[in-house]
Structure formats: structure tokens, C-alpha cells
Amino acid sequence: MHGLVNKALQSFISDAFGAAVWRDVAQHAGITQLLGADGFEAMQSYDDALTEAVLDSAVVLLRRPRDSLLEDLGTYLISHERMEPLRRLLRFGGVSFTDFLYSLDDLQGRSHLAVPDLALPDLALSEAGADSFLLTCSDGPVGFGHVMVGILRALADDYGALVVLEHRGIRRTDGADGTAGTVELIEIEVHDPAYHAGRRFDLATEAAR
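Definitions and cut-offs
- Residues numbered from 1 in each chain as written.
- Predicted model: local features only at pLDDT ≥ 70, side-chain atom pairs only at ≥ 80, totals over all residues.
- Heavy atoms only, no water.
- Buried < 20%, exposed > 50% of the residue type's maximum accessible area, 1.4 Å probe, protein only.
- Helix = DSSP H or I, 4+ residues; strand = E, 2+ residues; numbered from the N terminus.
- Pairing = 2+ DSSP bridges.
- Salt bridge = Lys/Arg side-chain N within 4 Å of Asp/Glu carboxyl O.
- Arc of directions from axis to C-beta.
- Contact = heavy atoms within 4.5 Å.
- Phe/Tyr/Trp six-rings, centres within 6.5 Å; stacked < 30°, edge-to-face > 60°.

## A short note on the pairing of strand β2 (residues 132–138)
Piece 1. In terms of residue burial, β2 counts as a mostly covered element, since six of its seven residues are buried.
Piece 2. Pairing of strand β1 (residues 122–129) with β2 involves seven bridges; the strand directions are antiparallel. Across the sheet, the residue bridging to L125 is L135, located in β2.
Piece 3. As consecutive antiparallel partners, β1 and β2 are separated by two residues, and within that stretch D131 has a phi angle of approximately 60°, a positive value.

Rendered as C-alpha cells:
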């Protein structure tokens, strides 16, 4: 797992629950012994097992369901001031929330421009009806769909849109080469793309900086 992902998870736990809680989670997961007191480095890569150990420890110590914790992580990635660069990157996807949804197919390519070795799941958006969509998240870490729900919910609020989201579960898949993967489905209903004013963001101003 890329260090940016792990560092974001570390920052989320520390900012949302306190530095002492992060230290307890890190100790419980064995991260302190392996990486030291500072935890993950953003530009390194780590074994996926370390990320899973941190998540498992956070679930146990915080007494929170894993899915709920992952969704809160997604919300944090957009709403916390520490994560403003990610918010700006995603807001460049369009001037409305619906425009942003249509840009998700290109998110993997745009992320590679910023961080070439950052591997994101494949995202595919399809129309399921009037103002209704289905987002497919393929071949990512198990549970990424819940993180995406949190991201989408926070961005809908950021754009000022009234949106209903539902995670439709995880399905295991077998690739042609015999490798196993996962697919997660998210239902998206945009009831009002301009429900409230949302947070200020000027594409032209931001692009000129």
C-alpha cells in the first residue's frame, strides 16, 4: 500500500480521535515497533498487511464497525483542512456534482499525474436512470467502496447537492489469469444538484494559482 494512503489513515485517526488514540492503535498493530513513533512515511510503500493491521486495531480499540470507520475516513479526506489538496484535485472534476461524477472514470489517470506510483481502484460510472447512477469500484482494497461513499457524501455537501448514497456490497471476482479480485457497487441518486450554496471553490482562480 502506498504511504500516502497509510499516512492519510494515520492522520484521520489522530485528528478525529486524538494523538493518544493513534499511539494506542499503532502499538496494538505493531506499527510502533516496525516504523518508530512517527509512523508511516508518505512517499514509501508498505505491505498491505500493515494497513490491515492498523484498520483491525482501530476497529477493536475504537469499538466502531469497519465499514463505518472507512466511510468516516472518506469524509475526512474531503472535509478536513489538512486534506485540502485532495479536495482541490477532485473539485477540478467539474463545476457541479454531476459533472464530477462523470469525471470519475478519469480519476485514476489524473492521480497518476500527481503521484505516478499511486494505484487506485478502477472506477466506472454508469447511468441507472434519470439523475441516478451506479459506481463500480474494481480491484481495490476490500472496503474501498465505503471510503468512496464517504468521499462522495462529503463532496456532495461541498458542491451543495442533495444526494442519496448506498453501498450495495462486495462481490468477489476471478480474473482471466486466475487471480481473485473484488467489485464494490455504489448507488447514487442526485435529488437536487443545487440544494444549498456549498463551499466556495473557483475553478478559474484555482487553476491560475
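Next comes the rest of the description.
## Quick look at the pattern of salt bridges
Piece 1. A complete count under the given rule lists twelve salt bridges for this structure.
Piece 2. We note a salt bridge from R66 to E52, for which the minimum N-O separation is 3.0 Å. Linking R66 in helix α5 (residues 66–79) with E52 in helix α4 (residues 48–62), this pair joins segments that are 14 residues apart in sequence.
Piece 3. For E52, a relative accessible area of 29% puts it in the partly exposed group.
Piece 4. Between R66 and D56 there is a salt bridge, and its shortest N-O distance comes to 3.5 Å. With R66 in helix α5 and D56 in helix α4, this residue pair connects regions lying ten residues apart in the sequence.
Piece 5. With relative accessibility at 22%, the residue R66 sits in the partly exposed group.

## Looking at helix α2 (residues 19–29)
Piece 1. Those residues of α2 that fall on the buried side of the exposure criterion are W22, V25, A26 and A29. Viewed along the axis of α2, the buried residues span an arc of 100°, placing them on a single side of the element.
Piece 2. Lining the buried residues of α2 we find α1 (3–17), α3 (31–35) and α4.
Piece 3. Immediately beyond the C-terminal end of α2, within one or two residues, lies G30, with a positive phi of roughly 80°.

## Considerations on the packing of aromatic side chains
Piece 1. By the definition in use, this model includes seven aromatic pairs.
Piece 2. A ring pair is formed by F40 and Y46, whose centres lie 4.9 Å apart and whose planes are at 80°; its orientation type is edge-to-face. Like Y46, F40 is buried.
Piece 3. Summarising the aromatic geometry, the rings of F97 and F100 are spaced 6.0 Å apart at their centres and angled 40° between planes, so their arrangement reads as tilted. Residue F97 and its partner F100 are both found in helix α7 (residues 97–103); the two are separated by three residues, about one turn of the helix.
Piece 4. On the accessibility criterion, F97 (0% relative accessible area) is buried.

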